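In case you want the letters, here they are:
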Amino acid sequence: MAEATPSLSTDQVVAFVELARQGSFREAAGALGITEQGMRGRLLALEGRLGVQLYRKSRGASRASRITAEGRRFLPHALAFLERARELSDLFEEGDTGEIHVAASQYLVVYVLIDALRRFQQDSPGIHVRLSTLNEREVEEAVLHDPDVAFGVAAPYEPSPDLEYTDLFALDWSLIAPRGHPLLSRRRLGLRDLVDQPLILFERGSTGRQHVIDAFHDRGLSPNVRMETTNTEIVVRMVEAGLGVSIVPLLSSGVVTRGRRVGVRSLRGRIRAIHSGVLLRRGEHLRGASARFLDFVKGYTPS
């Protein structure tokens, strides 16, 4: 006689995934719009179906929960279960309507995806795309642990082995400095010329910052990092205000610095080009509206 298949509900699995993502019953219940008692009931039912303990309640006012070893083992399967449930619900959709949640880095949102979205919605006005702007590490975490995120678009330093990365394009690096700065007229410009300059770099945790720091260290140099900030738009404004110089990846269109009071000098070949691409959960195949937008992004060429 065939062994009976455990009866698992998507509500139970969603509750577990949300608890793993939020780290506490209170936050997870709030995110799902249910009571903590309802949250606990779903998780107890799931544990009963699986026959293992998935989480361990901690003492204290924070009502924090720790995922057990069995819970960590179950998590990627839970994410796959929810994705399959979405695929089944989308099986007979034509792909012309729906909502997609995409996580992307700020640079790609501002200078690439906004224009891509404008063009995409001309062809598919019924598909609503929700963009979350995060740094590269946060994009990876969102794709790995948030089942609501269809895919990510970022420039990962070293993609997680649990993610599939598809390269879209690469950008070379340039120095930007206030107009009239002596470095802009230097006949030959190398990283050694920038060592004593007050550098404005991206914040820690960003791929861009790591590329720049690696290039200096590979030459035995220590850059003078004067300021750090979150995104390229702020970097350009700070350079324009005379607070320092910076090293940033630039699109060939010049859109990043167009109309700003800064000068640009290419550093191509001195810093490893930064590659941007799509991040998907390994083994996952998107369908419907998500697959349609993913195909559009893969075929889009930034100007």
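In case you missed it, the structure is sitting above this.
Scoring rules and cut-offs
- Residues numbered from 1 in each chain as written.
- Predicted model: local features only at pLDDT ≥ 70, side-chain atom pairs only at ≥ 80, totals over all residues.
- Heavy atoms only, no water.
- Helix = DSSP H or I, 4+ residues; strand = E, 2+ residues; numbered from the N terminus.
- Buried < 20%, exposed > 50% of the residue type's maximum accessible area, 1.4 Å probe, protein only.
- Contact = heavy atoms within 4.5 Å.
- Areas by Shrake-Rupley, 256 points an atom, 1.4 Å probe, with all protein chains shown as cover.
- Lys, Arg positive; Asp, Glu negative; His and termini not counted.
- Charge placed at Lys NZ, Arg CZ, Asp CG, Glu CD.
- Polar contact = N/O pair within 3.5 Å; in protein donor to acceptor, adjacent residues only side chain to side chain.
- Core = buried A, V, L, I, M, F, W, Y, C linked by side-chain atoms within 4.5 Å.
- Expected span 1.5 Å × (residues − 1).
- 1 Å grid on protein atoms, 1.4 Å probe; cavity = no way out; pocket = protein on both sides within 12 Å on 5 of 7 lines; lining within 4 Å.
- Points joined across faces, edges and corners; volume = space filled by probe spheres on them.
- Nonpolar A, V, L, I, M, F, W, Y, C, P; charged D, E, K, R; others polar.
- Pairing = 2+ DSSP bridges.
- Axes fitted to C-alpha atoms, helices over the stretch in contact; angles between N-to-C directions.

Caption draft 1: Inspection of the overall build of the protein at higher detail. Of regular secondary structure, the protein possesses nine helices and 12 strands. Dimensions of the protein along its principal axes, counting C-alpha atoms only, are 80 × 50 × 35 Å. Of all 303 residues assigned to the protein, the portion counted as buried reaches 48%. At a minimum sequence separation of 6, the contacts of the protein that also span at least 24 residues come to 75%. When the accessible surface of the protein is summed, it comes to about 15,900 Å², and 47% of that surface belongs to carbon and sulfur atoms. In the protein, the 40 positive side-chain charges and the 37 negative ones have mean positions that sit 7 Å from each other.

Caption draft 2: Focus on the side chain of Asp146. With respect to the secondary-structure elements, Asp146 resides in the loop between helix H6 (136–145) and strand E5 (151–154). Of the polar contacts made by the side chain of Asp146, one reaches the backbone nitrogen of Asp148; its length is 2.9 Å. Contacts of Asp146, omitting those with residues within four sequence positions, involve Arg21, His101, Glu141 and Arg281.

Caption draft 3: Structural context of the nonpolar core. Phe151, Leu191, Leu194, Phe216, Ile247 and Phe293 are the most contacted members of the largest nonpolar core, which totals 61 residues. At nine residues, helix H5 (residues 106–123) tops the list of elements feeding residues into this core. Those residues in contact with Ile247 that sit more than four places away from it in its chain are Trp173, Ser174, Leu191, Leu194, Leu199, Ile200, Val212, Phe216, Leu267 and Ile271.

Caption draft 4: Structural detail: helix H9 (residues 288–299). Look at H9: 17 Å from first C-alpha to last across 12 residues, which is about the 16 Å you get at 1.5 Å a residue. Close packing links the buried residues of H9 with strand E3 (98–105), H5, strand E4 (127–134), E5, strand E6 (163–171) and strand E12 (274–281).

Caption draft 5: View of empty space enclosed by the protein. Here the structure, examined in full by the defined rule, presents one cavity of 30 Å³ or more. Each pocket or cavity is described by its volume, and for the largest cavity that value is around 60 Å³. Around the largest cavity sit Leu108, Val112, Leu113, Val153, Leu168, Phe169, Val297, Tyr300 and Pro302, which together line it. If you list the elements that add at least two residues to the lining of the largest cavity, you get H5 and E6. Looking at the lining of the largest cavity element by element, the count peaks at three residues for H5. Of the residues in the lining of the largest cavity, the class split is nine nonpolar, no polar and no charged.

Caption draft 6: Structural view of the environment of Val110. Checked against the element boundaries, Val110 lands in helix H5. The exposure class of Val110 is partly exposed, given its relative accessible area of 36%.

Caption draft 7: How the structure looks around the sheet that holds E6. Taken in spatial order, the five strands line up as E4-E3-E5-E12-E6 in an open sheet, and their pairing is mixed. The sheet is open, and its two edges are formed by E4 and E6, each paired on a single side. Across the sheet, the mean angle from the axis of one strand to that of its neighbour is 20 degrees, orientation sign disregarded.

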